[in-house]
Amino acid sequence: MGNSRRGLAGVLFRFRQAGMAILLVLICETTIALPEGKYLGTITLAFPLAGQTNSFFVQLRCENSYWELLLDSPKEKYQVFGSPEETIWVATYPSPRPPGSNTAMIRVFPGSRPFIARSEEHVWVALLSKSTFSGRPPIQDAGLCMAEPSIITHISIDKQDVAPREMRWHNERADGKGSQGRIEGHFKWMASTNMPTGANLPMMSELAVYLVNTNGDRSLVSLSAFTIKGIVPLDAPPGKRPNVQGRHVVYDHRFSDGWQRPPIMYDVQNGNIPSTKSPAVKQLLAKLGYSADKARRSKFAFIVWASAVLITSGLVVLALMKTTKQNKGRTQT
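Here is what the cut-offs are and how they apply
Residues numbered from 1 in each chain as written. Predicted model: local features only at pLDDT ≥ 70, side-chain atom pairs only at ≥ 80, totals over all residues. Heavy atoms only, no water. Phe/Tyr/Trp six-rings, centres within 6.5 Å; stacked < 30°, edge-to-face > 60°. Helix = DSSP H or I, 4+ residues; strand = E, 2+ residues; numbered from the N terminus. Buried < 20%, exposed > 50% of the residue type's maximum accessible area, 1.4 Å probe, protein only. Pairing = 2+ DSSP bridges. pLDDT = per-residue confidence, 0-100. Contact = heavy atoms within 4.5 Å. Core = buried A, V, L, I, M, F, W, Y, C linked by side-chain atoms within 4.5 Å.

1. As for the packing of aromatic side chains
Phase 1: Inspection of every chain in the model, using the stated rule, returns four aromatic pairs.
Phase 2: Judged by centre distance (5.9 Å) and plane angle (75 degrees), the ring pair of Phe 56 and Tyr 78 falls under edge-to-face. With Phe 56 in strand β2 (residues 52-63) and Tyr 78 in strand β4 (residues 77-82), this residue pair connects regions lying 22 residues apart in the sequence. Accessibility assignment for this pair places Phe 56 and Tyr 78 in one class, buried.
Phase 3: With a centroid separation of 5.6 Å and 25 degrees between ring planes, the pair formed by Tyr 78 and Trp 89 is classed as stacked. Of this pair, Tyr 78 sits in strand β4 while Trp 89 sits in strand β5 (residues 86-92); the two residues are eleven residues apart in sequence, bridging distant segments of the chain. Trp 89 shares its class with Tyr 78; the two are buried.

Okay, structure coming up:
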């Protein structure tokens, strides 16, 4: 996969606190507001600085809390399988391949959201992101079309919209002292329609990513345009796993210590990615310095910390209410 395909994904990061890793998992969990069906369309992804444009046929199947996305072109084929538990991204290489070479590359993420995949993220934010981005900004995010934490500063969304109509964000690092530049993102609907269910969805949308230097000069890094050309009933339920067998390169992001993952050779049987509890997975990751037990301890520590904050806050509120009541009684006396 070339650098242009990754967009800004080359700027990988490690989470600076264990809590941020848990925040990623919480952010990723999402339910689908999009009416079930099969959505057909196209997406073009341009990198002006590199003078390159990629075009894909898009097919999205949605049912309940599961979805399957296909991006297909004569040269490349990408699939995403989303569920509340995890998202599996697969790049399938064309045949025939040289003997002994891999036929696919796989990335696994926690929760129902794709990352480090510029076009796939655009489709996701356009149709499947309502429950993630329906709050009031500013909102901390794991990073949309930029592989580092970001701050969402503007969201425009109506009750019946399946996703934000417009959204602006920038990398959180740019707000720190000594920042050498800024990455900005802008998503907006260009045309919309309403479904018989009452849901509004974008028939056309654009997503742009910019680099802004210290002088304020902005350079367009990437621009994608997603168009929905048809919506039909489901002809099959969304797939839940890739159709791959054997040993494949897998980047496993299901652990708490960040995005940066070296390629690991997993044995994939019937499309099933080995569980994080698998002894074989633990052994492989231990050799690379990663630990599933550490991830669980970090999650437990975060839960304990969050619970302590909630309990303390509750005690403070009760104390204030008691003090107010006593003061009120003295006043009446």
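2. Some thoughts on the pairing of strand β9 (residues 166-171)
In summary, the side chains of a regular strand alternate between the two faces of the sheet.
Phase 1: Where strand β8 (residues 150-156) and β9 come together, six bridges link them in antiparallel fashion. In the strand pairing of β9, Ile 151 is matched with His 170.
Phase 2: The pairing of β9 with strand β10 (residues 182-194) spans five bridges and is classified as antiparallel. When the sheet's bridge partners are listed, Arg 168 is paired in β10 with His 186.

3. A few points about the confidence of the model for the chain
The predicted coordinates ought not to be read in detail in places where the model reports low pLDDT.
Phase 1: In the predicted model, the chain carries a mean pLDDT of 78, and the fraction of residues at 70 or more is 72%.
Phase 2: Segment residues 293-320 is flagged for pLDDT under 50; beyond a separation of four residues in sequence, or across chains, it makes twelve contacts in the model.
Phase 3: In this model residues 322-333 is a low-confidence stretch, pLDDT under 50, and it forms zero contacts with partners more than four residues away in sequence or in other chains.

4. Re the nonpolar core
Phase 1: Ranked by internal contacts, the top residues of the largest apolar core, which has 45 residues, are Leu 34, Leu 60 and Leu 127.
Phase 2: For this core, the element with the highest residue contribution is helix α3 (residues 118-127), accounting for five residues.
Phase 3: If we skip the residues at most four places from it in the chain, Leu 34 touches Tyr 39, Leu 60, Cys 62, Leu 127, Leu 128, Val 162 and Leu 201.
Phase 4: Within the second largest apolar cluster, 15 residues are counted, among which are Ile 88, Val 90, Ile 106 and Leu 285.

5. Examining unusual backbone geometry
Phase 1: Here the amide bond leading from Pro 137 into Pro 138 is cis, since omega sits at 5 degrees, within 30 degrees of zero.
Phase 2: One non-glycine residue, Ile 116, adopts positive backbone phi at about 50 degrees.
Phase 3: Within the secondary structure, Ile 116 is located in the loop between β6 (104-110) and α3.
Phase 4: By relative accessible area, which is 10% here, Ile 116 ends up buried.

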